[in-house]
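Results of the structural survey
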Amino acid sequence: MTAAVPNQVDPKILIAQHVLGWLESREIVALAHYWLEQWNTWESLFDITWDINPHIAEVGPAFEKLIQEMQIEMPTRQEALVILMKDTLEKMANGENILREANFLYWELYREVEDQLPNGELLGSNMGFERIIGLLYSIEDLSDYLRGTELEKEEGELLEELQQAARERLEQPLTIPSRIQAVSERASNDHAKAFEKLAE
């Protein structure tokens, strides 16, 4: 079964997803075919698309070679998270699936930052997402005491607040707490070493 081309085809976003291990081999192949159809001729595109049964052991290193050919610097895990956080906030600010993107921001991206810490240690920072997180929980609680048009009205108002909160957060620098930078860098090095072993 052929994978669909990812909805997001911005190379920097896809590379960030790859660094975090969120891009599947079939998605990489579908993307390579898409870029070939756009008359891109990077040599590594052919290395990626020739195999009808792609495996991440071969596709992953070829994709990273393609990134070099595109002259895009490979981000660290920390930088990849910031790239995806900014992209998600921009979608929210533009009104694109606000609730879905807010959930992705909190449950996937923010939690990914926290997961990089040693077991049992908490991030101890909301990274400036306090309002967004609070609004998410408020929306979740609505169905406990509202129904019908009242629920729709209240949820619509909270979604507007979420959109505004995303706009305001974009006005401030997006950074990850410095105390996990070393953890993030070690994870990036482990990621690179893993692909080297797979390619042997």
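Structure first, text after, so check above.
Residues numbered from 1 in each chain as written. Predicted model: local features only at pLDDT ≥ 70, side-chain atom pairs only at ≥ 80, totals over all residues. Heavy atoms only, no water.

1. Looking at the packing of helix H5 (residues 77–93) against helix H8 (residues 148–170)
At their nearest, the axes of H5 and H8 sit 8 Å apart, and the two run at 135° to each other. As judged from the angle between their axes, H5 and H8 are oblique. Two packed elements cross with a definite hand, and for H5 against H8 that hand is left-handed. Residues Lys86, Leu89, Glu90, Met92 and Ala93 of H5 touch H8, and the partners they reach there are Leu162, Gln163, Ala166, Arg167, Arg169 and Leu170. Looking at the contact of H5 with H8 residue by residue, the classes come out as six nonpolar, one polar and four charged. (Axes fitted to C-alpha atoms, helices over the stretch in contact; angles between N-to-C directions. Helix = DSSP H or I, 4+ residues; strand = E, 2+ residues; numbered from the N terminus. Parallel < 35°, antiparallel > 145°, perpendicular 65-115°, else oblique. Left-handed = near helix turned anticlockwise from the far one by under 90°. Contact = heavy atoms within 4.5 Å. Nonpolar A, V, L, I, M, F, W, Y, C, P; charged D, E, K, R; others polar.)

2. Comments concerning the packing of aromatic side chains
This model, assessed by the stated rule, comprises five aromatic pairs. Relative to phenylalanine 104, the ring of tryptophan 22 lies with its centre 6.0 Å away and its plane at 65°, an arrangement referred to as edge-to-face. Remark: phenylalanine 104 occurs in helix H6 (residues 98–115) and tryptophan 22 occurs in the loop between helix H1 (11–19) and helix H2 (25–37); sequence separation between them is 82 residues. Accessibility expressed as a relative area gives 28% for tryptophan 22, which makes it partly exposed. Clustering of aromatic rings is evident, with ring pairs tying together Tyr106, Trp107, Tyr110 and Tyr137. (Phe/Tyr/Trp six-rings, centres within 6.5 Å; stacked < 30°, edge-to-face > 60°. Buried < 20%, exposed > 50% of the residue type's maximum accessible area, 1.4 Å probe, protein only.)

3. With respect to unusual backbone geometry
Within the chain, glutamine 71 stands out as a residue other than glycine whose phi angle is a positive 60°. Among the secondary structure elements, glutamine 71 is positioned in the loop between helix H4 (56–69) and H5. Taking relative accessible area as the criterion, glutamine 71 reaches 74% and is therefore assigned exposed. Not every positive phi belongs to a glycine, and asparagine 97 is a case in point at roughly 45°.

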